[in-house]
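# Overview (structure and organization)
So you can see what is in the structure, the chains are spelled out below.
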Amino acid sequence: MARSNTARNKVLVVGMDGLRFDLLAASGAPVLTALMSAGAYGTSMLPYGEAGAPRTESIGEVVPKSPEPGDGGRAISSRTDSGPGWSSIATGVWPDKHGVVDNAFADPRFMKFPDFLTRAKSVRPDLVTSAFFSWAALAEHGAFGPAIDHRFVLDGYTCEGGWSAADERVTAAAERHLGEDDPDAVFVYLGDTDEVAHELGPHCPEYAAALQTQDAHLGRLLDAVRARPAYREERWTVLVTTDHGHVDEGGHGGVSDEERTVFVIAHHLGRDLGGQRLAAPRLVDVGPTALAALGVAIEPAWDLDGAPLEP
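Residues numbered from 1 in each chain as written. Predicted model: local features only at pLDDT ≥ 70, side-chain atom pairs only at ≥ 80, totals over all residues. Heavy atoms only, no water.

Both faces of the sheet carry side chains from a regular strand, because those side chains alternate between them. Both strand β2 (residues 40-45) and strand β7 (residues 261-268) contribute to a ladder of six bridges, which runs antiparallel. Directly across from Met45, in β7, lies its bridge partner Thr261. (Pairing = 2+ DSSP bridges. Helix = DSSP H or I, 4+ residues; strand = E, 2+ residues; numbered from the N terminus.)

In terms of nonpolar packing, the biggest core is built from 50 residues, with Trp135, Phe144, Phe187 and Tyr189 touching the most fellow members. Going through the elements one at a time, β1 (9-16), α3 (82-91), α5 (116-123), β3 (129-133), α6 (137-140), β5 (185-190), β7 and α11 (286-293) are the ones with two or more residues in this core. In terms of residue count, the dominant contributor to this core is α11 (four residues). Excluding its chain neighbours within four sequence positions, the residues that come into contact with Phe187 are Val13, Gly15, Trp86, Phe116, Leu117, Ser130, Ala131, Phe132, Phe133 and Phe144. Met36, Leu178, Leu222 and Phe263 belong to the second largest nonpolar core, which has 42 residues in total. (Core = buried A, V, L, I, M, F, W, Y, C linked by side-chain atoms within 4.5 Å. Buried < 20%, exposed > 50% of the residue type's maximum accessible area, 1.4 Å probe, protein only. Contact = heavy atoms within 4.5 Å.)

Moving on, we get to the packing of aromatic side chains. Each aromatic ring pair is specified by the distance between its two centres and by the angle formed by the two planes. By the definition in use, this model includes 13 aromatic pairs. Here the aromatic rings of Phe105 and Trp135 are separated by 6.0 Å at their centres, their planes lie at 55 degrees, and the arrangement is tilted. Of the two residues, Phe105 sits in the loop between α4 (95-98) and α5 while Trp135 sits in the loop between β3 and α6, which places them 30 residues apart along the sequence. Each of the two residues, Phe105 as well as Trp135, counts as buried. Residue classification places Trp135 among the buried residues on the basis of a relative accessible area of 3%. Three or more aromatic residues joined by ring pairs form one cluster here, namely Trp86, Phe105, Phe116, Phe133, Trp135, Phe144, Phe187 and Tyr189. (Phe/Tyr/Trp six-rings, centres within 6.5 Å; stacked < 30°, edge-to-face > 60°.)

Looking at the element boundaries, Thr129 is found in strand β3. The contacts of Thr129, once residues within four sequence positions are left out, are Leu117, Lys121, Ala147, Ile148, Asp149, His150 and Ala185.

Further remarks concern helix α2 (residues 30-38). Here α2 has its buried residues at Val31, Leu32, Leu35, Met36 and Ala38. On its buried face, α2 is in contact with β1, α1 (21-27), β2, α9 (205-226), β6 (235-241) and β7.

Whether parallel or antiparallel, the strands of a sheet pair through hydrogen bonds between backbone atoms. Read across the sheet, eight strands follow the order β4-β3-β5-β1-β6-β7-β2-β8 without closing on themselves; strand pairing throughout is mixed. The strands lining the two open edges of the sheet, one partner per strand, are β4 (150-153) and β8 (276-277). Summarising the sheet, β3 and β4 pair through four bridges and their orientation is parallel. Pairing of Phe133 across the sheet is with Val153, part of β4. Lying on the sheet, α2 is in contact with β1, β2, β6 and β7; it crosses β7 at an angle near 70 degrees. (Axes fitted to C-alpha atoms, helices over the stretch in contact; angles between N-to-C directions.)

So, about the environment of Thr129. Note on Thr129: relative accessible area 0%, which makes it buried. For the pair Thr129 and Gly219, spaced 90 residues apart in sequence, the C-alpha separation works out to 21 Å.

The subject of this paragraph is the pattern of salt bridges. One pass over the structure, following the stated rule, counts 17 salt bridges. With a shortest N-O distance of 2.9 Å, Lys10 and Asp184 are connected by a salt bridge. Taken together, the residues span a long stretch of sequence, with Lys10 in strand β1 and Asp184 in the loop between α7 (162-180) and β5 at a distance of 174 residues. On the basis of relative accessibility, which here comes to 6%, the residue Asp184 falls in the buried class. Residues Arg124 and Asp126 are paired through a salt bridge, measuring 2.9 Å at the closest nitrogen-oxygen approach. Where salt bridges share partners, they join Lys10, Asp182, Asp184, Arg228 and Glu234 into one cluster. (Salt bridge = Lys/Arg side-chain N within 4 Å of Asp/Glu carboxyl O.)

Structure, rendered in structure tokens:
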């Protein structure tokens, strides 16, 4: 998905916390379905999880991580929690490198493995980078670093109206930014799907409604991009992903298929890839794909685990 090194290449990455792909695929959510139909998509399994460990019951809950013995190869000992998942998406490396193994963010190594927006800015200072969160921990702990040009941070736990209201405000801010400013690389985090799944499980009507609402939020962001005066001279790559899944009763942290299955959707606006299936796209591939779309070459010295996706 690499494109030539030009300021007209732009990237929008949207993260939807705790979104199970099987339920997404069955939902008929129109915007996500259209992106998959015209773009490329696939699923993979997280290479970590804590067998028999207590499940996380909220986005920010810190659950003690139980020891995981090595298997003679590369052993990644981490819970299937939001902290490790979004840190892997941001940095392009797995938890044994970026250091985040649960929601405590106790020993992060973001100076050595910065997020893809920070990397893009360091290589190409002309780029304008932006990040929007309804989970404040991503900004507070540095998963997305202070060098990012524009940051809008809310806390879904304290926001009036809760997580759904925080996601709405984050979407509105990103929508205005995409329409009125000239960003080159944008990350938007939405968290209500995860919060609902923790409280009620992912098979409830409320989870289905939260999924549809986040789908509509994504639609607003894409509409803002397409309405840009310079849109015809721009090449936008859109990536959508999640950090982990949920067990049927709600919660994560363990090793079940439901917890470990994640997805990546990739689409170049204005092009039709015909719903290609990506071969096991990983969370660590999201950042490198965004960098390649911006024309930023991946340096071997960065020691990334991910690579640009090539549909």
